[in-house]
Amino acid sequence: MAETKTDLSDWNPMADEYNDERFNKYDSVNEAPSDNKGEDRNSKQVKYPYLVVKKEKNLITETVLRNFFGNSIIYDIEYRLKSCVYFVYFHNMCSIEAAWSRIRQFPNIVHCVQGRPNQNQNQTLLPSLPNDAAADNKMQEPTSNDANPVDLHSRNIHVSAKRNNHPEFHKASIVVKADYTVKNSLLAKNDANFRYMNVKFEFALERQGAYVLHETMEKDQAIVHFRSGRIFVTPQRQLETKESDGNSKITQLANKCLACKCYTDNSCRFCKMPFCNPVCFDAISAFHKETCDKGNPPVLDDHAIVPQFTKPMLPPSGATVKITAFEQSNVLYVRSAEIVAEVAYFKVLSDVMMQGTSSPKLIKLPQCGQIVIYKFDAQIVRAMVLNTENPKAIYVVCVDYGSVEITTLENLYECNDYLAALPRHAVPVLLRSVPNRYMCPNLLEMMYELDHNYTFVLKYSEREFDFQRGMQRVILIESDLNRSLNRLIKTILTPIQPSISEDGFTEDYLQHVHLPAGKSLDLVVMDNTFLKFGVVHCTILDFAYEITRMQRDIHHYAESISTCSFYAPPKNILCIAKYQDKWCRGLCMELVGDGHPSILFIDYGNIVPIHVNDIRPYPPQFTFPILTTEYELIDLPADPSYELLTRLEKQLAVGAVVNFDEVIYNKEDNNYSLRINSLME
């Protein structure tokens, strides 16, 4: 029998199996990636736009990136082990712009840069929201270079063949310095501070009927007219002058107050002396005391009591005032709200209303600076003539309110010396820290909501008097709620850049103003780059002035307020685009993936591919109406000849004022057509 081995210290069956080659054979081996695919990487980086995403967290995986950006816009994802970065390739520029929007919406999930990591290794950036202003978190912009030229072949919408300059129109000043320096100038006599050197007429759109007041307004329309001196809806409709029989009727019901000359039914119980209120009674109490015991009212001269009332001057700082009219976004007229000043103010209005009824009409054009009686609708007010160069458009300022009006000679009447010498209580002031901006619809609506009963506390320092403009800089604070009117107006005027993640605004967000139709009308050509398709864009001259004035605010927003460095607007969304170094309103018509969306400039009519670096989001505060309309040329051949197009381009040059034989509005199709009788000659 064999001897059993009891020493097992050297026995290790696992080691035997480990060293046995039969157990160390593999059917397949996963080889490590080699660098023989470098050419494929280079070709992809040239052909496709890409982002470099740092794998700073374990949760950043290929699946997470596909879910984050969207698998449909990703062409390929490549992970580099040594540098710990993902190269995310996209199909086109639109896809990478959508990815950037996703990053800006959720900036704390992925950290990425655009470009090669070895060139920008120290520039790993955190995408920021548009309002972030940190210098270290500035996002790199997509660049416009030869790698991304404008793709004209893939576009379904025609673009303008020519790059015409956008026309500009500037109105001449209403009042110039020569009007003050001319010999025997009435303007220099009646405006010693040269205030009307800077007067503006900001309500051209109202005069043309572009803005219509809501019929549900609670305020009486007569009160609105009385406060502002403006006609809001249809200023061309003037009431015919009729002989008023109001004097004979009102004298049967009331008597004139001996102090303010306003009609009243209050009177002394003993002598029957008429007076309005205790203020008027105190003003004539000395005369009343002498004659009341005799049972007879005092007999006073009509001019005797005028010097006892408030003189026309700016109330002291801390006084309460009321607004009579707005002239510009930062210029308005105020009058004292103290009870004595109120009596004096309404006495002036009453005298002008009663005595102006019988004033004779002016036969010839008045002089600049002449005080006249201006009648419109049911109102009779005093006015100072500012400009008479165009007899069909005479500029006057209603001196008892402050508003500027455009009228004709038919509505002006002679003003006697007594009415002309009455004090002017409406004083112009300049709102401190409020910029001079275009009178947008939002601001106009706010102005109309200011009831005539609102009172404000006037605050100012005499050291801030603006000698160049002849006005005092002030702050107006609402008496009841202690709110600053300056701050409210500045908030309305200051545009705020919307977040890129927010939905944009379509063209329906803006009001479209209908242009006149008829025969022999003058229109301004804003763009003629689509003449071969029988289309031209026009507007009226008054609207052309307004379009130029709008561009100043739009350009200021894009250059000074907007913090977004580039923007790719979705289709049919409004934007602000740069065209020939000027920022204008645009509408995105088409995206083709080359980084140059087709932008329709809605105030002019041309369509141009604009790079995303020159596009900004559209702020909601810009509610300026669209004043340019597309017109179809009637009787233009479907395939016009080169000679005909050349002749049309000269006849319909950009910026020219052209008289068209007929303008037709097609109500069913909601479009306009133009007829030029000499088109086929």
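Residues numbered from 1 in each chain as written. Predicted model: local features only at pLDDT ≥ 70, side-chain atom pairs only at ≥ 80, totals over all residues. Heavy atoms only, no water.

Participant: What is the right way to read the overall build of the chain from this model?
Facilitator: The helix and strand tally for the chain stands at 17 helices and 26 strands. Taken over 681 residues, the chain has a buried fraction of 47%. Of the contacts made within the chain by residues no fewer than 6 positions apart, 67% connect residues no fewer than 24 positions apart. With an accessible surface of roughly 36,700 Å², the chain has 50% of that area assigned to carbon and sulfur atoms. (Helix = DSSP H or I, 4+ residues; strand = E, 2+ residues; numbered from the N terminus. Buried < 20%, exposed > 50% of the residue type's maximum accessible area, 1.4 Å probe, protein only. Contact = heavy atoms within 4.5 Å. Areas by Shrake-Rupley, 256 points an atom, 1.4 Å probe, with all protein chains shown as cover.)

Participant: So what exactly am I meant to see when it comes to the environment of Gly595 here?
Facilitator: You can see Gly595 is positioned in the loop between β20 (582-590) and β21 (598-601). Considering only alpha carbons, one finds Gly595 and Val150, 445 residues apart in sequence, at a separation of 7.8 Å. Excluding residues that lie within four positions of it along the chain, Gly595 makes contacts with Met93, Glu97, Ile610, His611 and Val612.

Participant: For this particular structure, what's the right way to read the nonpolar core?
Facilitator: Generally speaking, soluble globular proteins have nonpolar side chains that are buried together. Ranked by size, the top nonpolar core spans 122 residues in total, and within it Leu386 and Leu476 carry the most contacts. Among the elements that take part in this core, helix α16 (residues 541-561) stands out by supplying 8 residues, more than any other. (Core = buried A, V, L, I, M, F, W, Y, C linked by side-chain atoms within 4.5 Å.)

Participant: Help me understand the state of the cysteines in this model?
Facilitator: One way to say it: the disulfide is the covalent bond shared by the sulfur atoms of two cysteines. In the structure shown here, the tally under the stated rule is 0 disulfides. Note on Cys268: no disulfide assigned, nearest cysteine sulfur contributed by Cys271 at a separation of 3.7 Å. Note on Cys268: relative accessible area 9%, which makes it buried. Note on Cys271: relative accessible area 2%, which makes it buried. (Disulfide = S-S within 2.5 Å.)

Participant: Explanation requested: the packing of aromatic side chains in the structure shown.
Facilitator: Aromatic rings considered in pairs are described by the distance between their centres and by the relative angle of their planes. Inspection of every chain in the model, using the stated rule, returns 23 aromatic pairs. Seen from their ring centres, Phe68 and Phe69 are 5.0 Å apart, and the 75° between their planes marks the pair as edge-to-face. For the pair Phe68 and Phe69, one class covers both residues: buried. A centroid spacing of 5.6 Å and a plane angle of 75° characterise the contact between Tyr557 and Phe622, whose relative ring orientation is edge-to-face. A residue pair is termed long-range when its members are at least 10 positions apart, and Tyr557 in helix α16 and Phe622 in the loop between β23 (615-617) and β24 (629-633) qualify at 65 residues. A single burial state applies to Tyr557 and to Phe622, both of which are buried. In this structure, Arg80 packs its charged tip against the face of Phe87, placed 4.2 Å from the ring centre. The positively charged end of Lys375 is found above the aromatic ring belonging to Tyr413, 4.0 Å away from the centroid. (Phe/Tyr/Trp six-rings, centres within 6.5 Å; stacked < 30°, edge-to-face > 60°. Lys NZ or Arg CZ within 6 Å of the ring centre and 35° of its normal.)

Participant: So what exactly am I meant to see when it comes to α16 here?
Facilitator: Because the α-helix completes a turn every 3.6 residues, residues three or four places apart line up on one side. Helix length check: α16 (21 residues) gives 30 Å between terminal C-alpha atoms against 30 Å at 1.5 Å per residue, within 8%. Buried residues along α16 sit against α7 (204-207), β17 (518-527), β18 (535-539), β19 (574-579), β20 and β23. (Expected span 1.5 Å × (residues − 1).)

Participant: Help me understand the environment of Ile664, please; the structure alone is not making it clear to me.
Facilitator: Tracing the sequence through the fold places Ile664 in strand β25 (residues 657-666). Judged by relative accessible area, which is 24%, Ile664 ranks as partly exposed. Taking the C-alpha atoms as reference points, Ile664 and Tyr631, 33 residues apart in sequence, are found 9.2 Å from one another. Discounting residues that sit within four places of it in the chain, Ile664 has contacts with Ile634, Asn671, Tyr672, Ser673 and Arg675.

Participant: Before we go on, may I ask you to explain the sheet that holds β18 in this structure?
Facilitator: In sheet architecture, strand pairing relies on hydrogen bonds along the backbone and comes in two forms, parallel and antiparallel. One closed barrel accounts for 5 strands, arranged β17-β18-β24-β26-β25; its pairing is mixed. Each adjacent strand pair in this sheet contributes to an overall mean axis angle of 60°, direction not counted. For β18 and β24, the ladder comprises 4 bridges, and the chain directions are antiparallel. Its bridge partner being in β24, Val535 is matched across the sheet by Glu632. The sheet contacts of α16 involve β17, β18 and β25, and relative to β18 the element is tilted by about 85°. (Pairing = 2+ DSSP bridges. Axes fitted to C-alpha atoms, helices over the stretch in contact; angles between N-to-C directions.)

Participant: Got a minute to help me understand the pattern of salt bridges in this structure?
Facilitator: Side chains that carry opposite charge are capable of pairing whenever their charged atoms lie near each other. On inspection of all chains with the given rule, the structure shows 20 salt bridges. A salt bridge links Arg195 to Glu327; its shortest N-O distance comes to 2.3 Å. Taken together, the positions of Arg195 in the loop between α6 (186-190) and α7 and Glu327 in strand β7 (residues 320-328) put the pair 132 residues apart, joining distant regions of the chain. By the burial criterion, Arg195 is buried, and Glu327 matches it. Overlapping salt bridges bring together Lys44, Asp76, Glu78 and Arg80 as one network. (Salt bridge = Lys/Arg side-chain N within 4 Å of Asp/Glu carboxyl O.)

Participant: Before we go on, may I ask you to explain the environment of Asp553 in this structure?
Facilitator: Among the secondary structure elements, Asp553 is positioned in helix α16. Taking relative accessible area as the criterion, Asp553 reaches 6% and is therefore assigned buried. Spatially, the C-alpha atom of Asp553 lies 9.5 Å from that of Thr494, the residues being 59 residues apart in sequence. Once you skip the residues sitting within four places of it in the chain, Asp553 turns out to touch Arg437, Tyr438, Phe622 and Phe624.

Participant: I would appreciate a short explanation of the side chain of Asn330 in the present structure.
Facilitator: Considering the arrangement of structural elements, one finds Asn330 in the loop between β7 and β8 (331-336). Here the side chain of Asn330 touches Val434 through a polar contact of 3.4 Å, landing on its backbone oxygen. In this view, Asn330 contacts Val429, Leu430, Leu431, Val434, Pro435, Asn436 and Arg469; residues no more than four positions away in its chain are not counted. (Polar contact = N/O pair within 3.5 Å; in protein donor to acceptor, adjacent residues only side chain to side chain.)

Participant: Any chance you could explain the sheet that holds strand β12 (residues 404-407) here in plain terms?
Facilitator: Spatially, 5 strands are ordered β12-β11-β10-β9-β13 in an open sheet, and the strand pairing comes out antiparallel. Edge positions in the sheet fall to β12 and β13 (412-413), since each has one partner strand and no second. On top of the sheet, helix α12 (residues 339-356) reaches β9 (371-376) and β10 (379-387); it is set at about 95° to β10, its chief contact.

Participant: Where do I start with the side chain of Lys375 in this structure?
Facilitator: Within the fold, Lys375 resides in strand β9. Of the polar contacts made by the side chain of Lys375, one reaches the backbone oxygen of Thr357; its length is 3.3 Å.

In short, geometric facts, not functional conclusions.
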